Amino acid sequence: MTSGISALRKEFGETLATLARALAAGDEALFLAHLDHLVQRRERALFNDLRRLTSDLQAALERFRVDSRLVDLAEKKVPDARQRLDHVLKLTAEAAHRTLDLVEQSAPIAERTAAQACDIIGLWQRFRSRQIAVADFHEMLRRMDVFLEAARTDMDVVRGNLSEVLMAQGYQDLSGQIIRGVITLVGEIEVALVGLVRLSKSQSSSVSTLQHEACRGLGPMVPGADRGPAVSGQQDVDSLLSGLRV
Amino acid sequence: MRKEMKFLVVDDFSTMRRIIKNLLNDLGYANVTEADDGQTALPLLQGGSFDFLITDWNMPGMPGLDLLKAVRADPKLAKMPVLMLTAESKREQIIEAAQAGVSGYVIKPFTAVTLKEKIDKILEQ
């Protein structure tokens, strides 16, 4: 504290001496001017302390805000994200199975069509080279009838299956939207954690504010994770809209 | 005229755009253009002679609801049929779309039959 005293002596000695001299000489103006100067100096130190206190308080408040955001993320959003990812898993598995089922259904049909065509080709080539017996010719016609009829119905089935394979790919859009939501959440957690680390490193640094995405849509409903009034399917939508006369 | 109609399909997922385009082709509509969000769709709509707009809701850039509002606010496009094809299923969202002037609303996951029905219904009007 001796250095404190000498610092004070250095800081105020000159002024106090001037004050004493002015008082002794009866110089009122000089005395008051130096007194004002003294008071201003003290005030400045006080303001500096006050400013430091305020910034500490601000940092503490920010830390509290980051903390409570993290608690919210950890308690609510993370389990919610887990549920959403589970749902993605289910969607992708369902789509993959549906696609595989349809491929497994279609493959034998395609093989049967190819086999039936094979059965006819030999007779057809003999017919084209005009070397076919009448009985074989009739057999060829019979097989042709069977083949054409079967090909028509079989290929209708295959065409239908292909359409369903097409529709099954819709999972990519739905699961993609959910995954994007989870990516946004991970980003939020990152920002909150970085803010916390920065605050613990330095009291005075400010935390970047957490940005909230404007509501540009909520994405697909996830069973168990989403609550609130939602429609359960196209029929609900239709009745809601017919009520609104759309 | 019907089968020569020009469709614009707006969805940020290219897989979904392909699905819708294929379904439209199956229904006999061969003239289908794609856009990946409202921002790219709007100049196409303003510049081209499209007859029918099918749009998703949840997209980066300009969401489908904003696109719908922009279409309804543009005197040249205001009467265009707009079918919303989206996973957004909150009641208030559907009401919001209806108030913004949507012509039809199909919820994902959807079926080929539903899409056909809604397009037919809109074209009947």
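Residues numbered from 1 in each chain as written. Chains lettered and ligands numbered in written order. Predicted model: local features only at pLDDT ≥ 70, side-chain atom pairs only at ≥ 80, totals over all residues. Heavy atoms only, no water.

Asks: Sorry if this is basic, but what is going on with the overall build of chain A here?
Replies: Across its full length, chain A carries five helices and zero strands. Walking chain A from its N terminus toward its C terminus, one meets helices and strands in the order α-α-α-α-α. Pairs at least 24 apart in sequence give 69% of the contacts found in chain A among residues at least 6 apart. On chain A, roughly 16,900 Å² of surface is accessible, and the fraction owed to carbon and sulfur atoms is 60%. (Helix = DSSP H or I, 4+ residues; strand = E, 2+ residues; numbered from the N terminus. Contact = heavy atoms within 4.5 Å. Areas by Shrake-Rupley, 256 points an atom, 1.4 Å probe, with all protein chains shown as cover.)

Asks: Just checking my understanding: could you explain unusual backbone geometry for this structure?
Replies: Backbone phi values are negative for most residues with the exception of glycine, while trans is the configuration of most peptide bonds. Residues Lys108 of chain B and Pro109 of chain B are joined by a peptide bond in cis, for which omega reads -5 degrees. In this structure, Pro109 of chain B sits in the loop between strand E5 (104–107) and helix H5 (112–124). Phi is positive for Arg130 of chain A, close to 55 degrees, though the residue is something other than glycine. Arg130 of chain A sits in the exposed class, given a relative accessible area of 78%. (Buried < 20%, exposed > 50% of the residue type's maximum accessible area, 1.4 Å probe, protein only.)

Asks: Just to check I follow, could you spell out the sheet that holds strand E1 (residues 7–10) of chain B for this structure?
Replies: Sheet strands associate in pairs through backbone hydrogen bonding, adopting either a parallel or an antiparallel arrangement. All names here are of chain B. Here we have five strands laid out as an open sheet, ordered E2-E1-E3-E4-E5, and parallel in their pairing. The strands lining the two open edges of the sheet, one partner per strand, are strand E2 (32–35) and E5. Going from strand to strand, the sheet's axes swing by 20 degrees on average, the running direction of each strand aside. Strand direction decides the pairing type here: strand E3 (residues 52–55) and strand E4 (residues 82–86), joined by three bridges, are parallel. Within E4, the residue paired with Thr55 across the bridge is Met84. Along the sheet face, helix H2 (residues 38–47) touches E1, E2 and E3 and points at about 165 degrees away from the line of E1. (Pairing = 2+ DSSP bridges. Axes fitted to C-alpha atoms, helices over the stretch in contact; angles between N-to-C directions.)

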